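Take a look at the letters that make up each chain.
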Amino acid sequence: MLEQNWWYTSLLNVRDPLQPPLRGDHEADVVIIGAGAAGLAAALRCTERGKQVILLDRNICGGSSTGKSAGFLTPDSELELSQIERRFGLQGARDLWDAPVRGIQRMLELVGRHHFPCDLVKEDSLFLGVGSGGSREVREESEARKRLGFPYRSYDAGTLRSILGSSAYSCGVRYPDCYGIDALLYSQGVKRALLDGGATIHESTSVRSIEGHTVRTHMGSVTAKEIIFCADKLRPSLSKYSTNVYHAQTFLSISEPLSDREYRTLFPDEPLQCWDSRLIYTYFRPTGDHRLLVGGGTLWSTYAANDTTGPAIIEQVIRKLKRALPCLDGVRFIEYWPGRIDMTRDLLPTVFRDPEAPWVHYVLGCVGLPWATFCGDLVARMVLGDAQPEERKYYRYFSNDRGFLVPIWLERVMGKKLVFTLNNWWAKYHQVTRPAQGPRASS
Ligand SMILES: Cc1cc2nc3c(=O)[nH]c(=O)nc-3n(C[C@H](O)[C@H](O)[C@H](O)COP(=O)(O)OP(=O)(O)OC[C@H]3O[C@@H](n4cnc5c(N)ncnc54)[C@H](O)[C@@H]3O)c2cc1C
């Protein structure tokens, strides 16, 4: 297998050349740092409202997590609905699930309006239970969906076989309004829409510091009324808020196109995007041209401080998946790539306005394209004064001073990796944050 991000091949037909790096000193209404799903959503909203926007990225648009992702567009990211409900109650679950749902809707709206190609395919989500623990999690998920009145279908091991070519899973819960996407091509589509709308984009432009209203890059600067910060892999030298984020490493691989027989055996009913109930889960979905994307990792590689790049981990994931899905036995996987997802201690995004510089708005640690799109768009609408008053609640859910099981100061003793892992585990399986206990409202 070749180590290469498969989505790069989709750039071969892209019309836009690389946008030049920023040189010299410039001014704008809004400068946006980072052109992943969050920064692109923020930039497009501001551009649509006629603001003079400059978007900066040290890579290309979508060149980091967004353009490496598997392109599952599902509201479920690292937190299942039942886990959110346990923590925040029914109303909290409704509020929070609505955020990525709206992120997906916004992405669909942009694809529809600007007509760009991005291999958008409709694929229901299927959460698969492994063993008795998995059955319990799937049941909890079904019950949470029922309580909230969200559509779903439950499957036991027998009925599951009518929609998936496997007898390895104990049960599953399926729900609609989910999609698969080539998120790198999507980023290029939004980039085109931004350029057509009059925004200025500088790629290969590394932001070094923010001084007052001025963003300094390696070859220039932008001074703006408002600064929206959506960069990833934050270093302390760029922002003191780098303490808010750590990362999880995951691996992806793509197969050659499945034969019609293999495809129909795997998905006898409709294409599905699937993941299982293990803590370090395996996930897979078909692309529009019937290749299979497979992702996963190991506990050790997920939370490792430094990247692991060899093929051994993803080869192990593929071997395990082939045992669960025997129809894949002869399928060849041709490329793989690792990627790091920024995340916070409790797997919810962090969105806030810098109290010392209220013109600087942060969107950090969004796990999932829909969450990132929603948060980038929300912050832009806040900046523009277009957000609904009730949307201020998201600044409460996503505030940067919310509480965690293991306090941040202990990182000095225990290390960031261990403290993040413990807090992730706590947030997923045990944390209860009823609104009354929730962090203060501020925006
Ligand atoms: C392998 C992999 C698979 C994934 N699969 C899925 C999936 O199937 N579905 C899903 O919903 N999510 C998935 N994710 C997660 C998802 O990709 C991210 O949660 C999402 O893309 C985050 O978007 P973002 O805009 O916040 O960050 P990013 O996409 O990381 O964007 C941040 C941008 O900031 C730029 N930047 C950083 N520092 C600077 C600087 N100093 N100056 C200028 N620019 C800077 C970066 O170049 C980057 O483009 C996956 C992630 C990975 C890595």
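Residues numbered from 1 in each chain as written. Predicted model: local features only at pLDDT ≥ 70, side-chain atom pairs only at ≥ 80, totals over all residues. Heavy atoms only, no water.

What about the domain arrangement of the chain?
Many descriptions give the size of an interface as the accessible area lost when the pieces come together. Segmenting the chain into domains produces domain 1 (2-68 + 184-244 + 347-416) and domain 2 (124-177 + 247-343). Relative placement of domain 1 and domain 2: their C-alpha centres are 29 Å apart. The interface is formed by 15 residues belonging to domain 1 together with 17 residues belonging to domain 2. Of the roughly 1,500 Å² buried at the junction of domain 1 and domain 2 (both faces included), carbon and sulfur atoms supply 58%. Among the residues of domain 1 in contact with domain 2, E3, W6 and K233 are the three that bury the most area, contributing 40% of the side total. Seen at the junction of domain 1 and domain 2, the total is one salt bridge. The salt bridge involving K233 is made with D342; its shortest N-O contact spans 3.3 Å. Counting residues per element, the ones that place at least two in the side of domain 1 that touches domain 2 are strand 1 (2-3) and helix 2 (65-68). (Domains from an automatic or database assignment. Contact = heavy atoms within 4.5 Å. Buried area = accessible area lost by both parts, 1.4 Å probe. Salt bridge = Lys/Arg side-chain N within 4 Å of Asp/Glu carboxyl O. Helix = DSSP H or I, 4+ residues; strand = E, 2+ residues; numbered from the N terminus.)

Topic: the packing of helix 3 (residues 81-114) against helix 4 (residues 131-148)
Look at helix 3 against helix 4: their axes get within 11 Å of each other, and the N-to-C directions meet at 25°. By the criterion of interaxial angle, the relationship of helix 3 to helix 4 is roughly parallel. The hand of the helix 3/helix 4 crossing is right-handed. Across the interface between the two elements, L81, S82, E85, L90, A93, R94 and W97 of helix 3 pack against E140, E141, A144, R145, R147 and L148 of helix 4. (Axes fitted to C-alpha atoms, helices over the stretch in contact; angles between N-to-C directions. Parallel < 35°, antiparallel > 145°, perpendicular 65-115°, else oblique. Left-handed = near helix turned anticlockwise from the far one by under 90°.)

Overview of the sheet that holds strand 1
Taken in spatial order, the nine strands line up as 1-18-14-17-16-15-6-8-7 in an open sheet, and their pairing is mixed. The open sheet is flanked by strand 1 and strand 7 (153-156), the only strands paired with a single partner. Bridge count for strand 6 (residues 124-129) against strand 15 (residues 272-276) is five bridges, and the pairing is parallel. Residue pairing in the sheet places L128 in a bridge with D276 of strand 15. On the sheet, helix 4 packs against strand 6, strand 7 and strand 8 (171-175) and is oriented at approximately 30° with respect to strand 8. (Pairing = 2+ DSSP bridges.)

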